[in-house]
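Remarks on the overall topology
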Amino acid sequence: MKAFVDGIRELQQRGLAKSWSEEELMARAAELPEELQSSLNSVALFEVLVQDHGGEFDPYSISEKETTAVAWEPTYLSVDGEEHIGEESMPAASSFRVAFYVHEWPEGGTLIGPAGVLSLPEFKPVPERLWKLAPYALLD
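All residue numbers here refer to positions counted from 1 along the written sequence of the relevant chain. Only residues with pLDDT of at least 70 are given local features in this predicted model, and only at 80 or more are side-chain atom pairs given and counted; all residues enter the totals for whole chains, interfaces and linings. Only hydrogens and water are set aside; all other atoms, that is, all heavy atoms of the structure, feed into the side-chain values.

**Comments concerning the overall build of the chain**
As a reminder of what qualifies: What counts as a helix is a DSSP run of H or I of at least four residues, what counts as a strand is a run of E of at least two, and both are numbered from the N terminus. Summary of the burial criterion: residues with accessible area below 20% of their type's maximum are buried, those above 50% are exposed, and those between are partly exposed, where the area comes from a 1.4 Å probe applied to protein chains only. Residue-level accessible areas treat just the shown protein chains as cover; the underlying method is Shrake-Rupley with a 1.4 Å probe. Note on charges: Lys and Arg go in the positive column, Asp and Glu in the negative column, and His and the chain ends are not counted at all. Where a charge sits is defined by one atom per residue type, namely NZ (Lys), CZ (Arg), CG (Asp) or CD (Glu).
Along the chain, the regular secondary structure elements total three helices and seven strands. Viewed in the frame of its principal axes, the chain has a C-alpha envelope of about 50 × 35 × 25 Å. For the chain, the proportion of its 140 residues judged to be buried stands at 32%. As displayed, the chain offers around 9,100 Å² of accessible surface, 52% of which is attributable to carbon and sulfur atoms. Within the chain, the 25 negative side-chain charges are centred at a point lying 5 Å from the centre of the 10 positive side-chain charges.

**Quick word on the pairing of strand S5 (residues 96–103)**
Using the following cut-off: Two strands qualify as a pair provided DSSP detects at least 2 bridges between them.
With six of eight residues buried, S5 is to be regarded as a mostly interior element. Pairing of strand S1 (residues 43–50) with S5 involves eight bridges; the strand directions are antiparallel. From the neighbouring strand, valine 50 faces S5, where its bridge partner is phenylalanine 96. As judged from the five bridges shared by strand S3 (residues 71–77) and S5, these two strands associate in the antiparallel manner. Bridge pairing links tyrosine 76 to valine 98 in S5.

**Observations concerning the pattern of salt bridges**
The following threshold applies: Each reported salt bridge corresponds to a side-chain nitrogen of Lys or Arg within 4 Å of a carboxyl oxygen of Asp or Glu.
Across all of its chains, the model carries three salt bridges by this definition. Taking the shortest distance from any N to any O, the salt bridge between arginine 129 and glutamate 47 comes out at 2.7 Å. Placement of arginine 129 in helix H3 (residues 128–133) and of glutamate 47 in strand S1 is noted, with a sequence separation of 82 residues between them. Each of Glu47, Glu82, Arg97 and Arg129 takes part in a single network of salt bridges with overlapping partners.

**Considering the environment of glycine 55**
Counting through the fold element by element, glycine 55 comes out in the loop between S1 and strand S2 (63–64). Residue class for glycine 55 comes out partly exposed when judged on its relative accessible area of 37%. Distance from glycine 55 to serine 94, taken between C-alpha atoms, is 8.7 Å for residues 39 residues apart in sequence.

Note that every value here comes from positions in space, so none of it alone points to a role or purpose.
Written out as structure tokens, the structure reads:
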């Protein structure tokens, strides 16, 4: 909540978001924890190893079969998954990992990639390294 309030105040100092009153700012900030929890309850985080890649790779071509929700906020990682190597564009490496979220993930969902259905392991708690390398950010 504090980060949100600080972010809006910074925007206001730069001449943006001036229409937000202090009351509106604090009311919106108070809503965020519940929205974050709700979002986290319906999102799945995936980490996919891409090997011997030789062309285009579009993480947004990965989706959930029924909801058609696509990969969101892809983060490119080293092959061992320990280092962040990019967000905006695909790395030059032929092998890498990509971590991404899929919203509206249904129980028993199916992940579809460019080559068809992706085999999914059993869901596990998110490793601490992924919370650091691919943190979930509530879109506001």
